[in-house]
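Single-letter residue listing:
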Amino acid sequence: MIKETLEFLEQLQRNNNRPWFQERKEQYDVLRSQFEKDVFRLIQRIALFEPEVAGLEPKDCIYRIYRDVRFSPDKSPYKNYFSAYIAVGGRKSERAGYYVHWQPDGCFLSGGVWCPPPRLLKMLRQAVFDHIEEFTEILDNPAFREAFPEMQGEVLQRIPQPFTKETDFPRPDLLKRKDYVVIGNRPVSFFDCADWTEAAAADFEKMVPFNRFLNYTVDEYLGKTDE
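The rules behind each value
Residues numbered from 1 in each chain as written. Predicted model: local features only at pLDDT ≥ 70, side-chain atom pairs only at ≥ 80, totals over all residues. Heavy atoms only, no water. Pairing = 2+ DSSP bridges. Helix = DSSP H or I, 4+ residues; strand = E, 2+ residues; numbered from the N terminus. Axes fitted to C-alpha atoms, helices over the stretch in contact; angles between N-to-C directions. Buried < 20%, exposed > 50% of the residue type's maximum accessible area, 1.4 Å probe, protein only. Expected span 1.5 Å × (residues − 1). Contact = heavy atoms within 4.5 Å. Core = buried A, V, L, I, M, F, W, Y, C linked by side-chain atoms within 4.5 Å.

Visitor: Describe the sheet that holds strand E1 (residues 82–86), with residues and values.
Guide: If you trace the five strands from one edge of the open sheet to the other, you get E1-E2-E3-E5-E4, paired in antiparallel fashion. Both outer strands of the open sheet, E1 and strand E4 (150–152), are each paired with one neighbouring strand and no more. Sheet twist, expressed as the average angle between the axes of neighbouring strands with direction ignored, equals 25°. Across seven bridges, the pairing between strand E3 (residues 107–113) and strand E5 (residues 180–186) is antiparallel. Opposite Leu109, over in E5, you have Gly184 as the bridge partner.

Visitor: If you had to explain the pairing of strand E2 (residues 97–102) to someone new, which residues and values would you point to?
Guide: Within E2, six of the six residues are buried, leaving the element largely enclosed by the surrounding structure. Strand direction decides the pairing type here: E1 and E2, joined by five bridges, are antiparallel. By the bridge assignment for E2, Ile86 is matched with Tyr98. The sheet contact formed by E2 and E3 spans five bridges and is antiparallel. The partner of His101 across the bridge, within E3, is Phe108. The hairpin turn running from E2 into E3, its antiparallel successor, is four residues long, and Gly106 in that turn takes a positive phi close to 160°.

Visitor: So what about helix H1 (residues 2–14)? Which residues, and what values?
Guide: Think of an α-helix as turning once every 3.6 residues; residues three or four places apart then point the same way. Counted at 1.5 Å a residue, the expected span for H1 with its 13 residues is 18 Å, and the 18 Å between its end C-alpha atoms agrees. Check the buried side of H1 and you find it contacts helix H2 (18–23), helix H3 (25–46), E1, E2, E3 and helix H9 (188–191).

Visitor: Kindly report on the nonpolar core, identifying the contributing residues and their values.
Guide: With 65 residues, the main nonpolar core has Ile86, Trp102 and Phe204 as its most contacted residues. With seven residues, the single largest contributor to this core is H3. Excluding its chain neighbours within four sequence positions, the residues that come into contact with Trp102 are Ile2, Thr5, Leu6, Leu9, Phe35, Asp38, Asn80, Tyr81, Phe82, Cys107, Phe191 and Trp196. With five residues, the next largest nonpolar core counts Tyr85, Ala87, Phe108 and Ile183 among its residues.

Here you go:
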């Protein structure tokens with residue numbers, strides 16, 4: 001189904017307007033329904049090693065195709081990708097989770113914490129600083145690096161306060177990050193099989209130590225918001 005989905009999205013990219021989309025809404029609904037079924041299977045498989053996601057509904061994890069154009073110079077009404085974020089709370093969660101992305105320009109698996117609010121970002125940097133050996137051991141695990149070889153997101157040019165005076169820190173690049181996200185690009189053929197969710201879950205299982213490291217701090221942050 002991914003080839004049909006990518007073909008539809010490629011056409012949408014060239015014809016990103018409401019009349020074109022409305023004429024093909026039935027086709028979109030069929031493709032979306034199939035994606036929901038795949039995400040449901042993926043949730044069930046991830047729940048075997050992350051029991052907290054058991055019971056999540058695909059509709060709560062899958063991102064809407066409609067763009068929020070209120071503050072964007074690009075007024076194209078639709079996204080040109082299908083995606084889902086599997087974590088407690090679904091796509092709106094602040095916790096580290098598991099992300100699937102289908103787009104004509106590239107498909108990938110990803111995970112971690114994306115665009116954390118300032119206070120959480122500060123706490124995550126502090127956790128990395130305080131436990132750098134544990135964190136780098138996770139990042140340098142061969143199986144993990146093979147599945148997710150890159151970190152993604154914005155990076156500051158300089159180490160932020162209060163770390164600027166620490167000259168002997170072994171990985172200053174990790175303190176400059178504004179996101180703690182890893183990504184692994186995948187060919188279309190990876191998703192073009194009936195059991196792609198099994199292969200994706202097997203890769204996501206390698207991400208568990210990374211997400212749990214981050215979620216220890218995220219949960220602390222979320223707990224403090226209730227004080």
